[in-house]
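The chain contents come next:
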Amino acid sequence: MPYIDFQHVTKMFGSFKALDDVTLGIDEGCFMTLLGPSGCGKTTLMRQLAGFSEPDKGDIYLNGKRVNGLPPYKRGTPLVFQEYALFPHMTVYENISYGLRLQKLDKAEVDERVNKMLDTFNLQGMEKRFPRELSGGQQQRVAFGRALIMGQEVLLLDEPLSNLDAKLRVEVRSELRQIQKRLGITVIYVTHDQDEALSMSDKIAVMRAGRIEQVGTPWEVYFRPRTHFIADFVGTVNFLDVDVVAAEQNSLTLNWGGLRFNIPQTGFNVGDKAELAVRPECISLAPLNGQIPEGAHVGEITFYSFLGRYIRYWVSINGQTLIVDDANPSLSGAIEGKVQLSFDQDKLHLLKKEN
Amino acid sequence: MELILLSKSSERINEMKRLKNEPLLLIAIILIVAFTIYFVISPVFQLVTIASPSDYSILVETPRWVRALGNSLLMMVLSTVSCTAVAFAFAYTMTRLDVPLKKFFRFITMLPIVSPPFIVALSYILLFGVQGIITKQLLGLQVDIYGRLGLWIVQTITFFPYAFSVIYGVMGKVSTNLEYAAYNMGASRWRVFKDVLWPLCRPGVAGGALMAAIQVLTDFANPMMIGGDLALLPTEAYMQVVGWYDMKTAAILATLLLVPSLAIFFIQRFWVGRRSYVTVTGKEISLKPYEPHKLVKWGMFAFCCFISLFVVTVYGTLLYGSFTKAIGYDWSLTFSNYSYVWGKWQQIWNSIKFSTISALFAALLGMILAYIVQKKSVGINGFLDFLAVLPSAIPGMFLGLSYVIAFNSPPLKLTNTSAIMVLALLFWNLPTCYSASNAGIQQIGNSVEDAALNLGANSFRSFKDVILPLLKIPFLSGFVLSFLRSVTCLSVIIFIYSPSTATGTTSILGLVSYGQWGAAAACTVVLIAIAFTVLYVAEYFLNKRGASLNI
Amino acid sequence: MKKSVKLICLLLSMIMLAGVLVACGNNTAGGTKSTKLVVYAALNEDEMNAFVSKFKEDTGIEIEYVLGGAGDMSTRVQAEKDSPNADVLVGGSVDVYEPLAKDGLFEKYDSPNNDALDARFNDPNGFWQGWYMGVLGLVINRDRFEAELKPLGLEYPKTWDDLLDERYKNVFVTSNPVTAGGGYIFTACQLFRLGDDAAWDYFAALDKNVHHYYKGAGDCISPVATGEFIVGMSWVHDIYKQVKAGYPIDVVIPEQTAYEIGGVAIVKGGKNKENAEIFVDWLLTQEIGQMNTTNSNRYSVLESVASPEGLPKLEEVNLVDYDRARAGEMKPDVVAKFDADIVSKR
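K.L.:
Where do I start with the domain arrangement of chain B in this structure?
P.N.:
How big an interface is tends to be stated in terms of the accessible area lost upon association of its parts. All names here are of chain B. Parsing chain B into structural domains produces domain 1 (8-50 + 334-551) and domain 2 (65-321). On a C-alpha basis, the centroid separation for the pair domain 1 and domain 2 is 24 Å. Contacts between the two partners involve 37 residues from domain 1 and, on the opposite side, 33 residues from domain 2. When contributions to the side of domain 1 that touches domain 2 are tallied by element, the ones reaching two or more residues are α2 (23-50), α18 (396-406), α19 (418-442), α22 (504-513) and α23 (517-544). At 11 residues, the largest contribution of residues to the side of domain 1 that touches domain 2 is made by α23. Its residues placed into classes, the side of domain 1 that touches domain 2 shows 26 nonpolar, 11 polar and no charged.

Written out as structure tokens, the structure reads:
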């Protein structure tokens, strides 16, 4: 049985279905990210576990124990809030130690554990400060300290990085991941930021309109999205409308306005209309040298944008504009004019056509 | 955030149904609603209906009441315009100009609010009357100050601070960045003022104007002193009771006063309120304001200085006069006025007692209401909010009169008790406390209570450890504002005090109408001193916690 | 999860409880023993306190009292019609007593001590008893009068008609009969003195001199005392307080002045009727009359009581023949006419 288990959880807000029969298992020690646009129910799902609201239907298990109906203060599911929710009238020390003090631990032990947290989060010397006297990053670390000091096996994180500036956010990602690995705790992480999700998670559950659309590793979600929505939401993608022209045992042949693709995928029949998801980095460009080889995919660069570690090209081909990333820009500048496109056919992913 | 998407009515019903699971919250709400209906709506209704519809025909038949209504409305318009103009000048000078004396100006704008009635008018007569120190002794003039003009000037000085506090609050929150944005696009100073600052301040100015308007409309003391032959509704209603013991006519006149007052309330709530661009939690001014032309700047400064000088002179005269033998005649020094006031200590003590008790409960009730309205979804949040601010639509005098009628007989016979004083002041102050608490509670993040629960505090602990300490400041500011209003309030209690429950302000009324101006001045000085002591002590505590009072 | 609400409830019930406690704590319970007397008094507190201690000393009867304005006290008596708390209503003009007497709220009582009084102080129907008297008079600022009016050849006015002299223009103030009881008594006084037509001519003529009409009868005293105006019309006992305060003012009581009679009456159905009668008799003794005159500057109805210090004797005061009943009847018309013909034309 998974360490955390949501079984057919449904939650209504009036006539609005915030969670629609959600089933999700999370293994012990797993870093699980709930990813989705705002309003998809990801925060609601997390809050059912923390006990801030009760599901209308379904069961929630934590470490094998059903927690429905248990008040939030008896669940042991420390949560770091998006806006941190630090107690503005308490000092850093008081904030971090609050949970321990509720357990009536003796002062020496509280001090020791608080100091450990202060060390972990580089907050030494700030014990006496009030939250309003801290920078955003410091506040965030206090919030982490306050949650982690409880020594629980679980940590819930509700978009904790969204109030930090971009550089700090990237730094904290890896720190957070390291801490999680070191402590071996199970984390549920809520975010709408696909970079965060991909970079930190063991597993990602992509949510939409109260339902989970896909659960998988970052690789699966990125390269093998189950739906158009997921492909589009997680990263940048080009969609090509294709027809299946041949179905072999282990591969499919696709036709895209006269151009052919051969991909190692199954599950489609000849004559199916489908959608091919192509990530920008799965296409490579080569300047055309005079003659055009038979069957080559030829396009014309209409625009580009230099981003340092790569160049993004907009390439017009077959009446459509594809986004192509060149991860190894040359020193001399961007390519211009007509180019030949080659596709990394292993990484192309064929999706069923949705209505 | 999902909640926003919901359809309203069915959701409301569901919220109300959910209250069944929280019986205590339900009881709290029922109690609050019952209280407010019993102590605000029902008395008002009883007062309005004490006279039968046919009795109201005296309004048409008695030209004097028609004139009184006309005069009241005219003075309201005149004084409101001037109050708003002065208030705007002060607010602009204090938020947008780099001039000295700002702290002093702030003090000037608080003084009239924390002082009991009559004083400005009284000093004004001593300064500018026939025997006036300034008009006669300094300038050798013989001027006639009684009537519309004198009343206009005095009301402007007395009530501009009410408009100021609103306008100042709003203008201070309009980010100067917006003005810079306009300059950046090539707008001249005048254009920036006209196109950016003014439109953004307009809701504040309107709000301030309405605030002043209701004060002017229900002003009783100033017309009494220098209104001359001018008949105004509040004074006429008062005289009907004390002069002729005619409750019915007084009730009719008071009802006449209620109509424009309610109109102002609804304009404020449903028109101005919805046009506010600036939220309470708006950003602080981020850039130093870009100064206007020097002439404008120092012109504004000079204007503020002039008004301030006027206010200081008025209060200085009062202060000095309180130490003289016969104010206005024999200016030699004596403490006899203060020993007289010392003899009336019981009444000053009543002031303090009633103000403290009523402010305590008003702040508590206001805080609880604000907490429920903002942090709980109970289906009738809008209605509770409306109830909480409703008393501000009722002129103090009207509320007092309605208490006399409503609580004069069983089941709840309260006339001549301390309870009626406390209750009237309590409900009169409820809107003040409620808005003060609202501002504070808005700043409490939505999740802190959840955070405490999450860390293992049960509901009681989380309320005690987190919510209560955070409510301390909203509570304190509500308490202080309410206390200040009560200590200096006359209109509410003028009909409901009895000799044993007489207060500082009613003594002032008595002293003024028996002509004992020196003692009245001393009594006023004592009340102002009490008010300022409380104000400064509270500000000291609030400032230490990074909060401030919005007076 | 909302135990927090418990606290809210607790606090709310505290509010309610406190309200009730305050309410109860202040109720003046009516006594039933015969050594008690419950008095509703429209008197000033110092005056009443003097009565309470003196009455106890003289008769051993304990007074419980509620103080308030005359209107307030009469409203109370009216409201408690079915189960009266009070035994006696005392103080305030008998004009206030008349309607209550008509409604049958008072007990008839003819005190043995009232036989020597002038007939106007005794209710012909026997419901109320007059025991003190307030007189209308003029307050004059001595300094300004001597500096400004004396050089013009004026002396202090002796009659109401003297006020018509145009040299009083804009230095005379009085009160508005529409709003002030005293102002109305002044108006009625002129109507009785001069007859209808002449009186209305008088008001029109006087109006030319009036700077403005104050709303309360006492309001014009201080402005005269501080020299804002030179002459004002008000109650003599109120003016006299200001004389004592040291302002340079004099009191003049013009001929044919009007007056109010301060009343006392026994409330029908009161529990201590005998004590109430003792109180009324006691009030009409020389000693008590003197005490009240000293305390309040008001004239006693008893000839044996000396007039307030510094004021002329009552027998020297020339009173108009004031028809109280008629004054009450014609009030609405007079007030309306005064407002229409005089005040609204200013």
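K.L.:
Looking at this structure, I do not really get the sheet that holds strand β1 (residues 4-13) of chain A. What am I missing?
P.N.:
Where strands meet in a sheet, backbone hydrogen bonds hold them as pairs that are either parallel or antiparallel. Residues and elements named next belong to chain A. The sheet built from 4 strands is open, its strands ordered β2-β1-β4-β5 with antiparallel pairing. Edge positions in the sheet fall to β2 (16-26) and β5 (65-66), since each of these pairs with one other strand and no more. Where β1 meets β2, 7 bridges bridge the pair, whose relative direction is antiparallel. The residue of β2 that forms the bridge with I4 is I26.

K.L.:
For this particular structure, what's the right way to read the pairing of strand β10 (residues 211-216) of chain A?
P.N.:
Consecutive residues of a regular strand have side chains that alternate between opposite faces of the sheet. When strand β9 (residues 203-208) of chain A meets β10 of chain A, the two strands line up antiparallel, connected through 5 bridges. Counted as the bridge partner of M207 of chain A is I212 of chain A from β10 of chain A.

K.L.:
I tried to follow the packing of helix α4 (residues 63-96) of chain B against helix α14 (residues 294-321) of chain B on my own but got confused; where do I start?
P.N.:
Packed helices, taken two at a time, are described by their axes: the angle between them and the distance between them. All names here are of chain B. Where α4 meets α14, the axes come as close as 10 Å, and the angle between the chain directions of the two elements is 120°. Looking at the two axes, α4 sits oblique to α14. Read as a crossing pair, α4 and α14 show a hand that is left-handed. Where α4 abuts α14, its residues V86, A89, F90, Y92 and T93 lie against M300, F301, F303, C304 and I307. Looking at side-chain class alone, the contact of α4 with α14 contains 9 nonpolar, 1 polar and no charged residues.

K.L.:
Mind showing me how you'd approach the packing of helix α8 (residues 148-173) of chain B against helix α10 (residues 189-217) of chain B here?
P.N.:
Residues and elements named next belong to chain B. Packing of α8 against α10 brings their axes to within 8 Å, and their N-to-C directions diverge by 150°. One element, α8, and the other, α10, form an angle in the roughly antiparallel class. The element α8 and its partner α10 pack so that their crossing is right-handed. From α8, Q155, F159, F160, Y162, A163, F164, V166, I167, G169, V170 and M171 reach across to α10, where they touch C201, P203, G204, V205, G207, G208, A209, M211, A212, Q215 and V216. Looking at the contact of α8 with α10 residue by residue, the classes come out as 16 nonpolar, 6 polar and no charged.

Basis of the calculations
- Residues numbered from 1 in each chain as written.
- Chains lettered and ligands numbered in written order.
- Predicted model: local features only at pLDDT ≥ 70, side-chain atom pairs only at ≥ 80, totals over all residues.
- Domains from an automatic or database assignment.
- Contact = placed C-beta atoms within 7 Å.
- Helix = DSSP H or I, 4+ residues; strand = E, 2+ residues; numbered from the N terminus.
- Nonpolar A, V, L, I, M, F, W, Y, C, P; charged D, E, K, R; others polar.
- Pairing = 2+ DSSP bridges.
- Axes fitted to C-alpha atoms, helices over the stretch in contact; angles between N-to-C directions.
- Parallel < 35°, antiparallel > 145°, perpendicular 65-115°, else oblique.
- Left-handed = near helix turned anticlockwise from the far one by under 90°.

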